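Tertiary structure, described
Here are the chains, one letter per residue:
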Amino acid sequence: MTMKYDLRPEFQKYSWIYLPTQPWMLKAANALMPVIQHGRKLDACLQSRKIKIGECSADLIWPISGRKDALLIYYHGGAFLMKAAAYHKDLAQTYALRTNCTVLFVDYRLAPDHKFPVPVKDCFRAYSWALKNLSFERMAIGGDSAGADLAMSVMLLAKKNRMRMPDGQMLIYPGCAGDPATESMRRYTDTPLWNSILNRKALALYGVEKDYQNPLFRPILTGCFFGFPKAYIETAEFDCLHDAGVQIAERYRKDRIPVIRNDTKRTMHGYDIAEKSPYVQKQVNKRIRFLNEIFKEAD
């Protein structure tokens, strides 16, 4: 197969994969996910427990000898439709180990059975639960793809309700519900794993037409982000969401929010799936460095 896009060699083996958007395929894929994807075993230096928060659940992961003053709340990607993949859970362990923090990894309910605003409500409920039940001085919020959008929606609700805001935000290829008219949306209609055609189908399963003008559905519509914390935003080169990530960074800067933007090269959406790739590990190192900077003030 000739590659249309100049992806790094370690990503090319995923070029045949396209995430499903048909409801029957989604049900099958989500049912099989725990069977076919196990991820790595829980590290011996970590502890974990499953908790119930309202109608959803979450994994609480923390280092046995870790700090008690730093928390990362993380929302996984999957187009609002898919359960967390093995590499999402592996990364949650990595973040806990290498920042020595507690990670609240949220398993929110999914569309199309649970359309907008259910996933947003689940994620906000988990955030509220953390504020009430976990002890910490410094807190970061993060997510990838749809999870990054959900993290932004949670911050909008926290700001509206005058709740404690995170000290930092880590958004990995955000913008599933971004501007549909960007150049990258127009250009990347057939990229591996994810593209603008699949994105449009996913949003149609996630919400109805009137939702598209709601900032909790599409955070980029927010009038002002002032009050949001320092941000790390990572984009992929061959990704229909690339320009949405750039737009978010530009809006943040306009609203006087410090931003670190990491534009990765020769990558596609979801490239974290290649966990052992030296290039992926290099990007993970940048995320770890950002989180440690956010958490260091608790020392």
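None of the values given here were measured: they were computed from a predicted structure.

Definitions and cut-offs
- Residues numbered from 1 in each chain as written.
- Predicted model: local features only at pLDDT ≥ 70, side-chain atom pairs only at ≥ 80, totals over all residues.
- Heavy atoms only, no water.
- Salt bridge = Lys/Arg side-chain N within 4 Å of Asp/Glu carboxyl O.
- Helix = DSSP H or I, 4+ residues; strand = E, 2+ residues; numbered from the N terminus.
- Buried < 20%, exposed > 50% of the residue type's maximum accessible area, 1.4 Å probe, protein only.
- Pairing = 2+ DSSP bridges.
- Axes fitted to C-alpha atoms, helices over the stretch in contact; angles between N-to-C directions.
- Contact = heavy atoms within 4.5 Å.

Any two side chains of opposite charge can pair, on the condition that their charged atoms come close. A full pass over the atoms with the stated rule returns 16 salt bridges. Salt bridges linked by common partners bring Arg109, Asp122 and Arg125 together as one network.

A separate point is unusual backbone geometry. Glycine aside, a negative phi is what most residues show, and trans is what most peptide bonds show. Omega for the bond connecting Ala111 with Pro112 falls within 30 degrees of zero, at 5 degrees, which places this linkage in the cis form. When you line up the elements, Pro112 lands in the loop between β4 (102-107) and α4 (118-133). Note the cis peptide between Phe116 and Pro117, where omega equals 10 degrees. Looking at the secondary structure, you find Pro117 in the loop between β4 and α4. Even without being glycine, Ala79 reaches a positive phi, approximately 60 degrees. Within the element layout of this structure, Ala79 appears in the loop between β3 (70-75) and α3 (86-99). Of the residues examined, Ala79 reaches a relative accessible area of 5% and is grouped as buried. A positive phi angle, close to 55 degrees, is found at Ser145, a residue other than glycine.

The next subject is the sheet that holds strand β5 (residues 138-144). Read from one edge of the open sheet, eight strands run β1-β2-β4-β3-β5-β6-β7-β8, paired in mixed fashion. Among the strands making up the open sheet, the edge pair consists of β1 (46-53) and β8 (259-263). Strand-to-strand twist of the sheet, defined as the mean angle between neighbouring strand axes without regard to direction, takes the value 15 degrees. Sheet analysis places β1 next to strand β2 (residues 56-63), joined by eight bridges and oriented antiparallel. Within the sheet, the bridge partner assigned to Lys50 lies in β2 and is Asp59. Sitting on the sheet, α3 touches β1, β2, β3, β4, β5 and β6 (168-172), and the angle it makes with β4 is about 160 degrees. Packing against the sheet, helix α8 (residues 242-254) makes contact with β6, β7 (230-235) and β8, and its axis sits at approximately 160 degrees to β7.

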